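Overview (structure and organization)
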Amino acid sequence: MRWTHWALLLCVSCGDPLHPPQRIEKNRVLGAQVVVPGQEPRATPSRGEPVAVSFWMADPGTPAALTYALAVCQRDDTLTGIPGCSGGAIARSSGSGDPVLDFTLPADLPPGDRLLVLGVVCANASGVIGDVISGFPNALGCAGEGAQTSRVMFDVFLSPEHDNNNPTLADETIRLDSADWSATLPTDVTAPCAGTSPTVGADGAVHQIRVGVSADDREFDGTRSELSELASFSTAGELSRAFSFIEADSDATEVTLDWKAPRTAPAGGRSVRFFFVLRDGRGGADYSERTLCVVP
Amino acid sequence: MCAPVRACVLALLFGLSVSRPALSQPRSEAVVTPPVLKSAPSRDVPGDIELTTEVSVVVELVVEKNGTVSEAKVVEGVSAALDALALQRAGTLQFAPATRDEETVAARIRFRMTFTPKRTPPPDPAATVKPRAPVTPAPATKSPAPQTPPAPTTGSDEPEYGGEVTVQAPPRGATRRTLAGDDMRRVPGTRGDAFRAIESLPGVSRAPAGEGEPLLRGTSGNESSVQLDGATIPLLYHFGGLTSVVHSRLLERVDVYPSNFSVRYGRVLGGVVDAKTRNPRSDGFHAVLDLSLLDSSALVEAPISDRSAVALAARRSNLDFYFASFVPDDAYAVIAAPVYWDYQALFVHALSPRHELRVLGYGSRDRIELLLNEPVESDPTLRGSVGGALEFHRLSLQARSGFAGGVRQDVSLTLGHVRLGQVVGESVDADLSVLNVDGRGEWQVPFGRAASLTLGFDVVTSFSKGSYRGSRPPQLEGDPRINEAEANQAQVQLADRFSNLSPGAYVELPLTPAHGVLLSPGLRVDHFRALKRTTLDPRLTARLLLFGQTTLKGGVGLFTQEPLYFETLAGIGNPDLKPARALHQTVGVEQGFGETASAGIDLFARRLFDRVVATKNGAAPYFENDGAGHVLGLELSGRLRAGRTSGSLAYTLSRSERRDHDAPWRLFDQDQTHNLVTALRQDLGAGWIVGGRFRLTSGSPHTPVQGSVYDAGTGLYRPLYGRVGSARDAAFHQLDLLVEKTWSFPEWKLAAYLDLQNAYNRQNPEGISYSYDYSKSEVATGLPIFPNLGLRGEL
């Protein structure tokens, strides 16, 4: 590393200069998960097994109308930059709604330790432009004025080369200011929320969020436990950080972060959504979501 | 840009730009004329002094109103016998006295006393005879009087001062630009750093912030060599550009060969910066103490016998005293603030008038350690501890000898150790230790009046061991992905020992077939043991004195550079790589205008082939010799030294392009189409000096980002790049000003200075920062206006 990088390192810790990644200001893909149906929480399918890949989406308000096109292929040996396919598509999927890709791993899949899922997710678009395999990434996009394009990629690690389970976040305790924070979600996040629970004032106060990460979720490979990486997002207010870690050699079982409430809210209150994505650094992931109401 | 980012960028650039101004000398306050030598002293030596080559002793004289010399002391000695002889003859010199406002006054001047062997050997065919002005000491007024006049910022082949006629060796290359003496320490905006001053020369590009390595004629810093007394300096600048690791007052000169250098130098495709240490003063104890915001330094020197002298210099940064005050509290904890230090120790012993032994030890250390309070949002692998240390030590033994028949010998052995340790959160953990043993020997043998022979060898060896965990080392130039998040890059881990041996030998045959004509054909052979390759580099330079002060010059030759060490390591590199090659071509004209001005024009071309580039997809064998490049350029230079005014002008027009594999030609990462540097310095008298430097440079090329792909596995976006190098930053321009006042006392001097950098607060672009998804961007700017005050005492 050249000394130039030291200069960068001194600066990068100061935060994103333009807008923070933990703020959901538009339709975004937050993560993806691969499962072997019937063998949850295994995240590394074997040849011949069914595979389900799903992407988690987030919106600042009313969910956008989504269309998508996905494909899975064998990953090429690109080590720098954006990878591609070494052959044709193993499976494809397209449609509307949250993007998913279900397929069965061919039993005669050539040697290789991972597959590559790639594609595009379009918000408020009239359709997808381009072929997922041959057009990725530059010639793949979304049609329609005002359409929002999210090109995505995701590595699917295969067994037996890799062996891994998804961590579980949905059943973990998430607390707001030391109180349990249920996963009950409003049906309409744009509707007035006053009277729902939990409620906080629009006073700029700092609230503490604690996310439990069970030690059971951190697999042990014989030398060390998996790390846990929690990505946190909100539709309003200011989260203290986008990424939190429980390092591999740590005994910690929860992540703590601060959220600063907004200073304004409509008379009927405003729903603020929180999204949490937990990754194990080896291809396993889980997702959970919470909501609170900010009132004047 | 958000406030914290701006704060830390400014803090960094503040550190990068704090300057130590140049040394000062007392200056006159009225119109003066210097003493003029009436008759030249004898250059012969007595019979008891054996002398086979020409040598010079620099003495400091006090010339009284009647033109006689009342005081003399040696400033740069050769040996006890010759120093004594110089002092003896100095006392017999007669001058026309100096005047101030038409009144005769005493003056203190420096004078170079040159001695030649009793039987003058035939002129070295490798030399050209250049008419030299009579002694040109500085304007003089009250005692102590000035020494040399203000010097230009553009280097010259001319020494600062000299005797009436001097046989001056020609440049060891088609173009040599030299900074010497106070010249190299008096350039505004360089913090008095001789190595930073070379950026004011034509053919030397402005280095981006944090990358201070010299960029010579369209090549990378790692394609040029910076040498100190013939051995490569492992690290030129503290923290990538703060200040160089060698005390500038210990240097005699810095020669810059931007291309077409002699066969004496090898293993690089770009150019050579060759610095020489001076001998310690032998006329008593001397010391310099310099205190500035950036660092503190001291230099002491004294004779320790009638044949030996020693100089010691050391420097330590002051950054750690205030660094924490300039960083955002919520960004990181400072475990160990940036600290650097360096030292130099030089011992010189004259074994005889013909034989000199020199021992030079020097070293440097940089260290920083931070604890990031939060993971970096754009790359969460950057979290926790971030730190590193880079340290080196060198011991160089040098022997310089002259023998009968004008034969000269120069041999040296340099032992060195480099230690590098870095931890960057979870992404990089590196530890490297390298032992170096470098040797060099050169013999110059004259054959009559028209030819001489130079034979030499150099050997570079290294024994390394280390471990590395981090991203796979990329192609360092021309690949924008080098700046991507570590989390998005393939990780490697290795621990290994490796050694390298690269012997080289050369022969040069300077010929003077006719008066004013010098041809220097040479051949260099290099063997690269790690590559199992041997290369031959034929080179030719020519100089033709057309008439008066007009010289036509040119050169052509082949040059070779082995790959960077990691590019050939199995597992991350390709052991089957071969060296990269280059063809250099230069033609130019030098024109003198008396002693007050000179100008030059150079046209140069450089063609690169077998460049090492990464494989198209970054996969095995990782690197290939499948790159090409070319550089074309024009350099204009001018300098002026008239009375109390000195100035320089350097302009370079160039285009440097590269091609990787079969991709279209692209701009070199640090291509600079236009590079204009002009400097002016004025002696106002009464110890006051003012100066300024203005730079106007094309912005650096960059690769635009045209979109992004979200990696759901890491939660990070990966940029989609446009054509490499297809956009360019806005132009860089900056004005630096220097004001200095020196008070002179009988035994010492005190100087106070103000070095105002970026005087009109130009927000120069130094890069682009992007939002997390690359949908928005803004320009990161460099150094704001910064006034640097300092004090210096000199005994």
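Refer to the structure above for everything that follows.
What counts as what
Residues numbered from 1 in each chain as written. Chains lettered and ligands numbered in written order. Predicted model: local features only at pLDDT ≥ 70, side-chain atom pairs only at ≥ 80, totals over all residues. Heavy atoms only, no water. Helix = DSSP H or I, 4+ residues; strand = E, 2+ residues; numbered from the N terminus. Rg over C-alpha atoms; globule rule 2.2 N^0.38 Å. Buried < 20%, exposed > 50% of the residue type's maximum accessible area, 1.4 Å probe, protein only. Contact = heavy atoms within 4.5 Å. Patch = residues over 30% accessible without salt bridge, like charges linked within 9 Å, V, L, I, M, F, W, Y side chains within 5 Å. Areas by Shrake-Rupley, 256 points an atom, 1.4 Å probe, with all protein chains shown as cover. Salt bridge = Lys/Arg side-chain N within 4 Å of Asp/Glu carboxyl O. Pairing = 2+ DSSP bridges. Axes fitted to C-alpha atoms, helices over the stretch in contact; angles between N-to-C directions. Polar contact = N/O pair within 3.5 Å; in protein donor to acceptor, adjacent residues only side chain to side chain.

**Some points on the overall build of chain A**
- Across its full length, chain A carries 2 helices and 19 strands.
- In terms of overall size, chain A behaves like a compact globule, its C-alpha atoms giving a radius of gyration of 20 Å where 296 residues would be expected to give roughly 19 Å.
- Summarising its shape, the C-alpha atoms of chain A cover approximately 60 × 50 × 50 Å along the three principal directions.
- Here chain A holds 296 residues, and the buried ones make up 54% of them.
- Excluding contacts between residues fewer than 6 apart, the proportion of contacts in chain A whose partners are at least 24 apart in sequence is 70%.

**A look at a nonpolar patch on the surface**
- A contiguous nonpolar patch, built from Phe285(B), Val300(B), Leu312(B), Trp743(B), Phe745(B), Trp748(B) and Leu795(B) and spanning about 640 Å² of accessible area, is present on the exposed surface.
- Along the chain, the position of Phe285(B) falls in the loop between strand S17 (272–277) and strand S18 (286–292).

**Notes on the sheet that holds strand S9 (residues 148–157) of chain A**
- Reading across the sheet, the 6 strands line up as S4(A)-S3(A)-S6(A)-S9(A)-S39(B)-S40(B) and stay open at both edges, with mixed pairing between neighbours. In the strand order of this sheet, the two ends are held by strand S4 (85–96) of chain A together with strand S40 (716–721) of chain B, each with one partner. For this sheet, the mean angle separating the axes of adjacent strands, direction not counted, is 25°.
- In terms of strand pairing, strand S6 (residues 114–123) of chain A meets S9(A) through 10 bridges, oriented antiparallel. Bridge assignment links Leu118(A) to a residue of S9(A), and that residue is Met153(A).

**Observations regarding the environment of Thr277(B)**
Residues and elements named next belong to chain B.
- Within the secondary structure, Thr 277 sits in strand S17.
- Taking the C-alpha atoms as reference points, Thr 277 and Leu 346, separated by 69 residues in sequence, lie 8.6 Å from one another.
- In this structure, Thr 277 is in contact with Leu 228, Asp 229, Leu 250, Leu 251, Glu 252, Leu 346, Arg 358 and Leu 360, ignoring residues within four places of it in sequence.
- A polar side-chain atom of Thr 277 sits 2.6 Å from a polar atom in the side chain of Asp 229.
- Side chain to side chain, Thr 277 and Arg 358 meet in a polar contact 3.0 Å long.

**What to know about the pairing of strand S28 (residues 517–528) of chain B**
Residues and elements named next belong to chain B.
- The pairing of strand S27 (residues 491–508) with S28 spans 5 bridges and is classified as antiparallel. Residue pairing in the sheet places Glu 508 in a bridge with Gly 522 of S28.
- Of the strand pairs in this sheet, S28 and strand S29 (residues 533–547) are connected by 12 bridges, and their pairing is antiparallel. Opposite Val 517, over in S29, you have Leu 544 as the bridge partner.
- Adjacent in sequence and paired antiparallel, S28 and S29 are bridged by 4 residues, among which Lys 532 carries a positive phi angle near 55°.

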